Amino acid sequence: MTLHWFGSLALLVGLSSAASRSAPVPTTLLVHVVDSASRLPLPNAEVSSPRLRRLTDADGNVRFTWPAGGAISLRIRQLGFRFADRTLHRGTSATATEDTVVVALVPGAFALPQVVTEADKRCEAIQDAGGLALSSSTMQLLRFGAEQYNTFKETYPFGVTLTRRTVRNPAIYGGPRVQEGNEVAESETYGDKYFPGQALLRTREGYYASVLFVSALADSAFWARHCFVAHGVETRDGRRVIKLDFTPARGVREVEWAGSAWLDSAASVLRRVDFRLVNVRDPRAPKRYEGYTTFAVPSPYIAVPESTVAWWWTDTTPTPADDKFTADVLQFLTTREFTYRNGEPPR
């Protein structure tokens, strides 16, 4: 009886192994993301699981490896479209090695998750329900666009060549009035990081002022220290845009950023950010520091800095005469070329 029991067990194991060999299950999942209206593929759509975040390719495709449990939960997002949540289960095909699912996103301006329309006690601006809804939706678009840029540079790491041109006021500075040179940066270190209250730092040579970079707009610390108010659609540089003003929240006393972000109302991508430093109280620091960054779209729905112009006054607040520009220093930073190291992104 004992020998018969072991023999039966061996037979069952053998049958199970044979069944496993004859009925393989798919090992990968292909997610194909399209526009529900045109049925055209959506490149650079974000498809995220609890552990991974990826962008679709030029054909709107992205692949995941099926987890051991055979089920995966995904959120699919793209600027200007309503997000979609899907919980998918691995197929049982005996011949297929890949499962395919098509996700059609519905166009819907400002339709992103976690839109909150309650007034924030940290902020003094008074808005009606419609204004709060517009501000919250625009904030979500801005933040998602910045997050998407971060995912983009991880997916397609790049080198960037820039030209920096500095013009100094000869009445204040000796030496050459104009300096120009090229610089090279890698995507991993490209742009100034955001550190609360440290936009202006004293150095041995004087002061270092950072530039408000696109990554800061995805930083939770930046959002925790600022208030946002959106305005209606207007025209700027020939485009229909929505202006989103930001100022330090109530109680923030350190040097911080204020300014405006301009988002394309049709494509939902960031087009320009105006910035200036506020709460500058050190009498030896620059009295004013301001500028703006414009953005290009090298790949669908991805906004990257194209050029930055910044200017500042170090001694006294200027009183321009005859509309002449009298800043102490004027600096231009222009992007010349992107070189991708890990394949080309969708064009």
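Scroll up to find the structure this text is about.
The structure displayed is predicted, hence computed values, not measured ones.

**Student:** Requested: an account of the sheet that holds strand β15 (residues 270-278), with residues and values cited.
**Tutor:** What the 9 strands build is an open sheet, ordered β9-β8-β18-β17-β16-β15-β14-β13-β12; its pairing is antiparallel. Sheet topology places β9 (178-186) and β12 (226-236) at the edges, where each strand pairs with a single neighbour. Here the average twist between neighbouring strands, direction ignored, is 20°. Across 10 bridges, the pairing between strand β16 (residues 288-299) and strand β17 (residues 302-313) is antiparallel. Pairing of Ala-296 across the sheet is with Val-304, part of β17.

**Student:** Residue-level account of the nonpolar core, with values.
**Tutor:** Within soluble globular proteins, side chains that are nonpolar tend to cluster in buried spots. Grouped together as the largest cluster of nonpolar side chains are 50 residues, with contacts concentrated most on Leu-142, Tyr-190, Leu-212, Phe-222, Trp-257, Leu-270 and Val-273. The element contributing the most residues to this core is helix α2 (residues 129-155), with 7 residues. Dropping the residues within four chain positions of it, Leu-270 is found in contact with Leu-142, Val-214, Leu-217, Ala-261, Trp-262, Leu-263, Phe-295 and Ala-303.

**Student:** With reference to specific residues and values, describe the packing of aromatic side chains.
**Tutor:** Applying the stated criterion across every chain yields a total of 19 aromatic pairs. A ring pair is formed by Phe-81 and Tyr-301, whose centres lie 6.5 Å apart and whose planes are at 70°; its orientation type is edge-to-face. Of this pair, Phe-81 sits in the loop between β5 (71-77) and β6 (84-89) while Tyr-301 sits in the loop between β16 and β17, and the two are 220 residues apart along the sequence. The exposure class of Phe-81 is buried, given its relative accessible area of 7%. Taken together, a centroid distance of 5.8 Å and an interplanar angle of 65° make the contact between Phe-222 and Phe-246 edge-to-face. Within this pair, whereas Phe-222 is found in helix α3 (residues 220-224), its partner Phe-246 is found in strand β13 (residues 239-248), the two being separated by 24 residues in sequence. When its relative accessible area of 2% is taken as the criterion, Phe-246 is described as buried. Through a chain of ring-to-ring contacts, the aromatic side chains of Tyr-149, Phe-152, Tyr-156, Phe-158, Tyr-190, Phe-213, Phe-338 and Tyr-340 assemble into a single cluster. Stacked on the ring of Phe-64, the Lys or Arg Arg-54 has its end atom at 5.0 Å from the ring centre. Across the ring face of Trp-262, the terminal group of Arg-236 is positioned such that the distance to the ring centre comes to 4.4 Å.

**Student:** Describe the pairing of β13, and please don't skip the residues or the numbers.
**Tutor:** As paired elements, β12 and β13 share 9 bridges and run antiparallel to each other. In the sheet register, Phe-228 faces β13, and the bridge partner there is Phe-246. Judged from the 6 bridges that link them, β13 and strand β14 (residues 256-264) form a sheet pairing that is antiparallel. Looking at β14, one finds that Ile-242 is bridged to Leu-263.

**Student:** Talk me through the state of the cysteines; I want residue IDs and the actual numbers.
**Tutor:** Per the counting criterion, the structure on display carries 1 disulfide. Between the sulfur atoms of Cys-123 and its disulfide mate Cys-227 the distance is 2.0 Å. On the sign convention where negative means left-handed, the S-S torsion of about -95° between Cys-123 and Cys-227 marks this disulfide as left-handed. Remark: Cys-227 occurs in strand β12 and Cys-123 occurs in the loop between β7 (98-105) and α2; sequence separation between them is 104 residues.

**Student:** For the sheet that holds strand β3 (residues 53-55), give the residues involved together with the corresponding values.
**Tutor:** If you trace the 4 strands from one edge of the open sheet to the other, you get β3-β2-β5-β6, paired in antiparallel fashion. Every interior strand has two partners, whereas the edge strands, β3 and β6, have only one. Ignoring which end each strand starts from, the neighbouring axes of this sheet average 25° apart. When β5 meets β6, the two strands line up antiparallel, connected through 6 bridges. Residue pairing across strands places Ala-71 opposite His-89, the latter belonging to β6.

**Student:** How would you sum up unusual backbone geometry? Please name residues and give values.
**Tutor:** Of note, Asn-279 is a non-glycine position whose phi angle comes to about 65°, a positive value. Within the secondary structure layout, Asn-279 lies in the loop between β15 and β16. Even without being a glycine, Tyr-301 presents a positive backbone phi close to 70°.

**Student:** So what's going on with the environment of Gly-181? Residues and values would help.
**Tutor:** Mapped onto the elements, Gly-181 comes out in strand β9. Linking Gly-181 and Leu-162, residues 19 residues apart in sequence, is a C-alpha distance of 8.5 Å. For Gly-181, the residues in contact, after removing those within four places along its chain, are Leu-162, Thr-163 and Arg-164.

Here is what the cut-offs are and how they apply
- Residues numbered from 1 in each chain as written.
- Predicted model: local features only at pLDDT ≥ 70, side-chain atom pairs only at ≥ 80, totals over all residues.
- Heavy atoms only, no water.
- Pairing = 2+ DSSP bridges.
- Helix = DSSP H or I, 4+ residues; strand = E, 2+ residues; numbered from the N terminus.
- Axes fitted to C-alpha atoms, helices over the stretch in contact; angles between N-to-C directions.
- Core = buried A, V, L, I, M, F, W, Y, C linked by side-chain atoms within 4.5 Å.
- Buried < 20%, exposed > 50% of the residue type's maximum accessible area, 1.4 Å probe, protein only.
- Contact = heavy atoms within 4.5 Å.
- Phe/Tyr/Trp six-rings, centres within 6.5 Å; stacked < 30°, edge-to-face > 60°.
- Lys NZ or Arg CZ within 6 Å of the ring centre and 35° of its normal.
- Disulfide = S-S within 2.5 Å.

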